[in-house]
Amino acid sequence: MAYFDAASAAPLHPVARQALQASLDEGWADPARLYREGRRARLLLDAAREAAADAVGCRPDELVFTSSGTRAVHSGIEGALAGRRRVGRHLIVSAVEHSSVLHSAEVHEAAGGTVTHVPVDRAGAVSPSAYADALRPDTALACLQSANHEVGTEQPVAAVAHACRAAGVPLLVDAAQSLGWGRIEGDWSLLTASAHKWGGPSGVGLLVVRKGVRFAPQGPLDERESGRAAGFENIPAVVAAAAALRAVRAQAAVEAARLRELTDRIRARVPELVPDVEVVGDPVGRLPGVVTFSCLYVDGESLLHELDRAGFSVSSGSSCTSSTLTPSHVLKAMGVLSEGNVRVSLPPGTPSEDVDRFLSVLPAAVSAVREKLGAPTAPRTASTTSGSLVLDALGKLCPIPVIELAGVIGDVPLGGTVRVLADDEAARLDIPAWCEMRGQEYVGEEPADQGSVYVVRRVS
């Protein structure tokens with residue numbers, strides 16, 4: 001089985017496993033106690049903190065360990081907003097942040113704060129000038145991920161940090177996806193990360209708060225971790241996390257170049273092997289091991305099952321794979337095709353042969369799903385009125401509305417229109433994306449009693 005979902009969780013690094021096993025015998029005692037066992041545990045904790053701080057590029061007393069990367073994000077945002085409450089209650093986030101950031105923003109807004117969501121371009125990147133324009137006198141905090149977790153696009157952190165620093169606003173960087181590859185450049189103020197993204201054990205996060213940043217920890221006070229992370233430290237896991245970070249950093253340059261060659265191969269070969277595919281994300285400014293593409297006329301969940309049966313573990317941002325039946329907020333913000341979405345994220349050490357085998361089985365997997373769905377000429381219910389064709393796709397989920405659109409577009413003359421009535425949220429993304437891929441004109445969206453009407457003009 002080839003595991004291609006390292007962006008969700010990387011396999012436990014061998015060095016982390018060794019450190020974890022060793023520290024289980026040495027780091028079980030309370031590091032706050034003065035007896036021998038406590039002192040031994042404190043030495044392990046301090047050494048892990050120094051190693052992690054060196055990797056981040058901060059002072060050891062600026063870094064605390066949390067129970068997860070999500071907890072680090074929540075605590076960092078809450079503490080920074082509370083510390084700057086006198087300045088104002090305006091928060092800035094990008095439209096493609098991790099859900100932990102967006103959920104914190106929702107809580108802040110529900111409590112009376114204001115939130116600005118900075119849009120991204122079609123590659124998934126923010127514009128530094130857009131962040132600068134969003135800054136206000138009452139802005140308490142800005143947040144920006146170092147690289148996107150779904151499409152791998154790297155963000156211009158240094159430029160955004162410069163704009164924020166000039167305005168006197170702290171910038172929190174979610175570095176979960178990229179800290180294993182190197183330090184985060186720029187004059188940022190707070191940073192969060194998660195150990196299981198670089199091969200450490202799950203349940204360990206990092207929160208860094210630079211000296212001079214106004215920060216007020218929320219919740220009941222706790223004497224541990226400078227009062228910023230309550231609870232007894234999981235010293236064996238912390239030691240393993242720091243050991244893994246140091247180990248992956250030692251090989252980062254070489255492994256990044258190797259994985260980038262493999263993902264470049266996937267980016268180039270997938271559109272050649274599979275028709276009607278959109279490769280998404282920045283082709284150059286991206287994480288070394290991540291490549292994401294979407295396939296027309298494909299149910300994302302079915303495709304993941306086909307690939308799983310073929311021996312590959314991948315993930316997806318398609319609405320078809322979620323319980324909410326809404327597209328990934330990242331793909332939605334980018335305005336790219338969401339149906340049949342596949343994210344390949346290669347862990348360090350991935351053999352080239354596994355990538356070649358993936359490319360050999362992918363075309364058959366996509367064809368099998370398309371054949372089951374009847375693409376691209378699935379049965380449809382259509383009628384013509386006033387020279388245009390009306391396609392009723394109410395109650396039909398992705399990718400059926402697009403499949404049926406493809407089946408009827410030839411029934412109207414050049415210049416004629418197809419009006420697609422659909423109530424699936426994914427249609428708002430996938431119909432315009434289909435038009436761009438197939439050389440048709442997307443006219444726009446109109447309200448309807450049920451769902452929406454998406455108007456497409458045939459131009460080819």
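This one's a predicted model, so the numbers in the text were calculated from it and none came from an experiment.

### Details of the overall build of the chain
Counting secondary structure elements, the chain contains 13 helices and 17 strands. Taken against the 2.2 N^0.38 rule, which gives 23 Å for 460 residues, the C-alpha radius of gyration of the chain at 24 Å falls within 12% of a compact globule. A principal-axis box enclosing the C-alpha atoms of the chain has dimensions of 85 × 55 × 35 Å. Going through the 460 residues of the chain one by one, you find that 54% of them count as buried.

### Considerations on the state of the cysteines
The full count for this structure, using the stated rule, is zero disulfides. Free of any disulfide, Cys435 has its nearest cysteine sulfur in Cys398, 17 Å distant. The class of Cys435 is buried, set by a relative accessible area of 1%.

### Brief notes about helix α11 (residues 352-373)
The end-to-end C-alpha distance of α11, which contains 22 residues, comes to 32 Å, matching closely the 32 Å that a straight helix rising 1.5 Å per residue would cover. Of all the bends in α11, the greatest reaches close to 30 degrees and is centred on Val361; the proline Pro363 follows between one and four positions later. If you check which residues of α11 are buried, you get Val355, Phe358, Leu359, Leu362, Ala365, Val366, Val369 and Arg370. Once α11 ends, the next one or two residues include Gly374, with phi positive near 75 degrees.

### As for the environment of Asn148
Turning to its location among the elements, Asn148 is positioned in the loop between β5 (139-145) and α6 (157-167). Assessed through its relative accessible area of 0%, Asn148 is described here as buried. C-alpha separation for the pair Asn148 and Thr192, spaced 44 residues apart in sequence, amounts to 14 Å. For Asn148, the contacting residues outside a window of four places in its chain are Val96, Thr153, Gln177, Leu287 and Val330. Engagement of the side chain of Asn148 in a polar contact is seen with the backbone nitrogen of Glu150, the distance being 2.8 Å.

### A closer look at the UniProt feature "domain: UPF0033" (unreviewed entry) in the chain
Taking the numbering used here, the UniProt-annotated feature "domain: UPF0033" (unreviewed entry) corresponds to residues 391-415. Helix and strand shares over residues 391-415 are 36% and 8% respectively, and the end C-alpha atoms of the span are 17 Å apart.

### Brief notes about the sheet that holds strand β8 (residues 205-209)
The strand order across the open sheet formed by seven strands is β2-β8-β7-β6-β5-β3-β4, and the pairing between neighbours is mixed. Every other strand in the sheet has two partners, leaving β2 (63-66) and β4 (114-118) as the edge strands with one partner each. The sheet shows a mean angle of 20 degrees between the axes of neighbouring strands, direction not considered. Across three bridges, the pairing between strand β6 (residues 171-174) and strand β7 (residues 190-194) is parallel. Residue pairing in the sheet places Leu172 in a bridge with Leu190 of β7.

### Overview of the nonpolar core
Val56, Leu63, Phe65, Leu171 and Trp198 are the most contacted members of the largest nonpolar core, which has 59 residues in total. The leading source of residues in this core is helix α7 (residues 235-250), at eleven residues. With residues near it in sequence (within four places) discarded, Leu63 still touches Arg49, Ala52, Ala53, Val56, Cys58, Leu206, Leu207 and Val208. Ranked by size, the runner-up nonpolar core spans 27 residues in total, among them Val270, Val277, Phe312 and Val344.

### Side note on the confidence of the model for the chain
Per-chain confidence: the chain averages 93 in pLDDT, with 96% of residues scoring 70 or above. Across residues 377-383, confidence stays below pLDDT 50; counting only partners more than four residues off in sequence or on other chains, it has 19 contacts.

### Examining the pattern of salt bridges
For the structure on display, the rule yields 30 salt bridges. Its salt-bridge partner being Arg165, residue Asp187 comes within 2.9 Å of it at the nearest N-O pair. Here the residue Asp187 occupies a position in the loop between β6 and β7, and Arg165 occupies one in helix α6, the gap between them amounting to 22 residues. Overall, the relative accessible area of 42% leaves Asp187 in the partly exposed class. We classify Arg165 as partly exposed; its relative accessible area is 42%. A salt bridge links Arg419 to Glu446; the shortest N-O distance between them is 2.3 Å.

What counts and how
Residues numbered from 1 in each chain as written. Predicted model: local features only at pLDDT ≥ 70, side-chain atom pairs only at ≥ 80, totals over all residues. Heavy atoms only, no water. Helix = DSSP H or I, 4+ residues; strand = E, 2+ residues; numbered from the N terminus. Rg over C-alpha atoms; globule rule 2.2 N^0.38 Å. Buried < 20%, exposed > 50% of the residue type's maximum accessible area, 1.4 Å probe, protein only. Disulfide = S-S within 2.5 Å. Expected span 1.5 Å × (residues − 1). Bend = angle between axes of the 7 residues up to and from the residue. Contact = heavy atoms within 4.5 Å. Polar contact = N/O pair within 3.5 Å; in protein donor to acceptor, adjacent residues only side chain to side chain. UniProt positions renumbered as here; feature names shortened; annotations may be inferred. Pairing = 2+ DSSP bridges. Axes fitted to C-alpha atoms, helices over the stretch in contact; angles between N-to-C directions. Core = buried A, V, L, I, M, F, W, Y, C linked by side-chain atoms within 4.5 Å. pLDDT = per-residue confidence, 0-100. Salt bridge = Lys/Arg side-chain N within 4 Å of Asp/Glu carboxyl O.

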